[in-house]
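For reference, the chains in residue letters:
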Amino acid sequence: MTSPQPVETPTRKRSAQTATLAEIAREAGVSAPTVSKVLNGRADVAPSTRARVEELLRVHGYRRRRAESTRSPLIDLVFHELESAWAMEVIRGVENVARDAGLSVVLSESAGRLTPGRTWADQVAARRPHGVILVLSGLDESQRALLTSRSIPFVVMDPAGDPGADVPSIGATNWQGGLAATRHLVDLGHTRIGAISGPTRMMCSRARVDGYRAALETAGLPVDPDLIVTGDFHHEAGYRQGLELLRRPDRPTAVFAGNDLQALGLYEAARELGLRIPQDLSVVGFDDLPVARWVGPPLTTVRQPLMEMAEAAARLVLDLGRDDGSPTATRVELATSLEVRSSTAPPREA
């Protein structure tokens, strides 16, 4: 049995400002308390009823008025993966802003998915936080509609893909960072420069490799696709892909590792093959995690201002929550910078 198609009614033509819960309830064929339960993320609503109500909330562009919403003193911070010093820098930044605002931070992980599951969205609706920050993640259309209807603002930090023109986001100048890293190696005299990228599905990874290519092309050097390998931003990928590059008979004399964790894996691969850094191999990372200064030799890397990015994302989500009008989408890119240490040097004479 198929559900009847929605009928165009005067109620459907109402604006987001004039549509009421009672009107939505009448159109959905349920009571106003049932619509309220859906808005509050209550579990005691049949899935078919919930879907019908959510669709009508989306169609009407319903947005809960600030006065209606008693928000919890929380910021939801969502990672696609929660494991590494990278995540700790982001957590510290959000905590800095949350603490000053008298708020706490709730951490979630989407188990490697770039979009959280539906259960997560319902839990957020029930918590009613001051805002949501998604790191290397995003929202599908239904999740965005769900948060919008509850007047829960959200910001994407370091978006994995194009978040859309109407989604506030905080990022970094990844292309410029890849360009600076590779240009530094070119200026030292390297002509065979490898790259270990991150996942190709991530916009930041593609931008860094595009910057690497641009630096080579500007210097009049060929871009050898055999010297570009794909990792996943983890230490193991840097080790595995590093061995692949360094075992080549025409191995590169320098490698842009894409991020610091992959650079550390590359250190291990070089050690295993008896290569010295920087005498036999120059290495540049990306992120400037604290560990980059502690390893031997200290790692030349592109500083991505992770803590400042996280602080900016937290301030933006709180500002959006204080705005009584429709928020204007905001895109901010913070500058990267090259930190030259001891892992890079001119290539050894043949």
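Everything here concerns the structure above.
Quick summary incoming for the structure in this document.

### Description of unusual backbone geometry
For step 1, the next point in the chain: Between Ile-277 and the following residue, Pro-278, the backbone shows a cis peptide bond with an omega angle of 10 degrees.
For step 2, the next point in the chain: By the secondary structure assignment, Pro-278 is in the loop between α10 (260–272) and β9 (282–287).
For step 3, the next point in the chain: With an omega of -10 degrees, the peptide bond between Gly-296 and Pro-297 qualifies as cis.
For step 4, the next point in the chain: Among the structural elements, Pro-297 can be located in the loop between α11 (291–294) and β10 (300–303).
For step 5, the next point in the chain: One non-glycine residue with positive phi stands out, namely Asp-158, at about 50 degrees.
For step 6, the next point in the chain: Looking at where Asp-158 falls in the secondary structure, it is placed in the loop between β4 (154–157) and β5 (169–172).
For step 7, the next point in the chain: What makes Asp-158 buried here is its relative accessible area of 3%.
For step 8, the next point in the chain: A positive phi angle is found at Phe-233, which is not glycine, with a value near 70 degrees.

### A word on the environment of Ala-314
For step 1, the next point in the chain: Positionally, Ala-314 belongs in helix α12 (residues 306–322).
For step 2, the next point in the chain: Distance from Ala-314 to Ile-75, taken between C-alpha atoms, is 8.1 Å for residues 239 residues apart in sequence.
For step 3, the next point in the chain: With sequence-adjacent residues up to four places away left out, Ala-314 is seen in contact with Val-94, Val-97 and Ile-133.

### A closer look at the sheet that holds β10
For sheets, the rule is that strands pair by backbone hydrogen bonds, running either parallel or antiparallel.
For step 1, the next point in the chain: Here we have six strands laid out as an open sheet, ordered β7-β6-β8-β9-β10-β12, and mixed in their pairing. Two strands in the sheet have a free side with no partner beyond their single neighbour: β7 (228–230) and β12 (337–339). For this sheet, the mean angle separating the axes of adjacent strands, direction not counted, is 20 degrees.
For step 2, the next point in the chain: When strand β8 (residues 254–256) meets β9, the two strands line up parallel, connected through three bridges. Bridging from a neighbouring strand, Ala-254 pairs with Ser-282 of β9.

Conventions adopted
All chains use their own residue numbering, which begins from 1 and follows the written sequence. Owing to the predicted nature of the model, reporting of local features is limited to residues with pLDDT of at least 70; listing and counting of side-chain atom pairs is limited to 80 or more, with chain, interface and lining totals taken over all residues. Neither water nor hydrogens contribute to the side-chain values; these are computed over all heavy atoms in the structure. Runs of H or I in DSSP of at least four residues are treated as helices and runs of E of at least two as strands, each being numbered from the N terminus. For every residue, the accessible area (1.4 Å probe, protein chains only) is compared with the maximum for its type, and the residue is labelled buried under 20%, exposed over 50%, or partly exposed between those bounds. Note on contacts: a residue pair qualifies if any of its non-hydrogen atoms lie within 4.5 Å across the two residues. Note on pairing: DSSP must find at least two bridges between two strands before they are called paired. Working convention: axes come from line fits to C-alpha atoms, limited for helices to the stretch in contact. Angles between N-to-C directions cover 0 to 180 degrees.

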